[in-house]
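Structure at a glance
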Amino acid sequence: MADPVLSEPPPADTAESRPGRNLHKGQQTKAAILDAALALAGQVGLEGLSIGALAEVAGMSKSGVFAHFGSREELQISVVREYHRRFEDEVFFPAMKASRGLPRLRQLFANWILRTSIEIDSGCIYISGAVEFDDRPGPVRDALVESVRIWHAAVHRAIAGAKQAGHLKAQTDEDQLLMEIHGLILALHYEARFLRNPGCIPRAHHGFDNLLRQHLTDAAS
């Protein structure tokens, strides 16, 4: 006997009633909520996010937002992961088009600087989140740490690739160089967002060039 679910269409086979369309609409709604959540997190931080505050900003009911995330903690983690996805799309993946070695490392840093400069007013969730959750164990902190470590690993691979390509000296300490590059980004964020010092973006680029100069091989120089 044929399976009636497969052999008979649903009684009301309209576009609105199809599960695929409803799922797609649900995904669109969740994406719109995440957009609003990211903007709100830029203003109030991850700790300031709540189902109620987001519902008000998104123009939805609390139950509507809750249906997509289930809890405040799940909302915060979703924001961290969405931020990381966008960070990769804007910083990491475009840099992979550059040649392996020093060109790729330079492009990673240039993209990172550009992303940081765009976030002067909205703030960086990696940086603000570290301040909020550095001493607070839990899933939100774990999600932040995982995202930052994934990014640091990518920069570390670029440094190692530049060494293997003969662009950086063999004795270059990859961990040390990564820390100093990250330090430039943190300094830029502090100078630009907190102190509002002009000219800090060119100085960050200059600092990066100074760092590399210490490690370049004669051929790369």
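Predicted model, so just to flag it, every value in this text is computed and none were measured. (Residues numbered from 1 in each chain as written. Predicted model: local features only at pLDDT ≥ 70, side-chain atom pairs only at ≥ 80, totals over all residues. Heavy atoms only, no water.)

**Quick notes on the packing of helix α3 (residues 51-58) against helix α4 (residues 62-69)**
It is the contact of α3 with α4, at a shortest axis distance of 8 Å, that shows an interaxial angle of 115 degrees. Put simply, α3 runs roughly perpendicular to α4. Both α3 and α4 take part in a crossing whose hand is right-handed. Between α3 and α4, the contacting residues are Ile51, Gly52, Leu54 and Ala55 on the first element and Lys62, Val65 and Phe66 on the second. For the contact of α3 with α4, the residue count by class is 5 nonpolar, 1 polar and 1 charged. (Axes fitted to C-alpha atoms, helices over the stretch in contact; angles between N-to-C directions. Helix = DSSP H or I, 4+ residues; strand = E, 2+ residues; numbered from the N terminus. Parallel < 35°, antiparallel > 145°, perpendicular 65-115°, else oblique. Left-handed = near helix turned anticlockwise from the far one by under 90°. Contact = heavy atoms within 4.5 Å. Nonpolar A, V, L, I, M, F, W, Y, C, P; charged D, E, K, R; others polar.)

**Structural notes on α3**
Buried residues of α3: Ile51, Leu54 and Ala55, and no others. Angular distribution of buried residues about the axis of α3 spans 105 degrees; they occupy a single face of the element. Gly59 lies just past α3 and shows a positive phi near 70 degrees. (Buried < 20%, exposed > 50% of the residue type's maximum accessible area, 1.4 Å probe, protein only. Arc of directions from axis to C-beta.)

**Examining unusual backbone geometry**
Note on backbone geometry: most residues besides glycine have negative phi, and most peptide bonds are trans. Residue Arg196 is not a glycine yet carries a positive backbone phi of 55 degrees. Considering the arrangement of structural elements, one finds Arg196 in the loop between α9 (174-194) and α10 (200-213).

**A few points about the side chain of Arg115**
Mapped onto the elements of the fold, Arg115 is located in helix α6 (residues 102-118). Here Arg115 falls in the buried class, since its relative accessible area comes to 8%. Apart from the residues lying within four places of it in its own chain, the contact partners of Arg115 are Tyr83, Arg86, Phe87, Glu90 and Val91.

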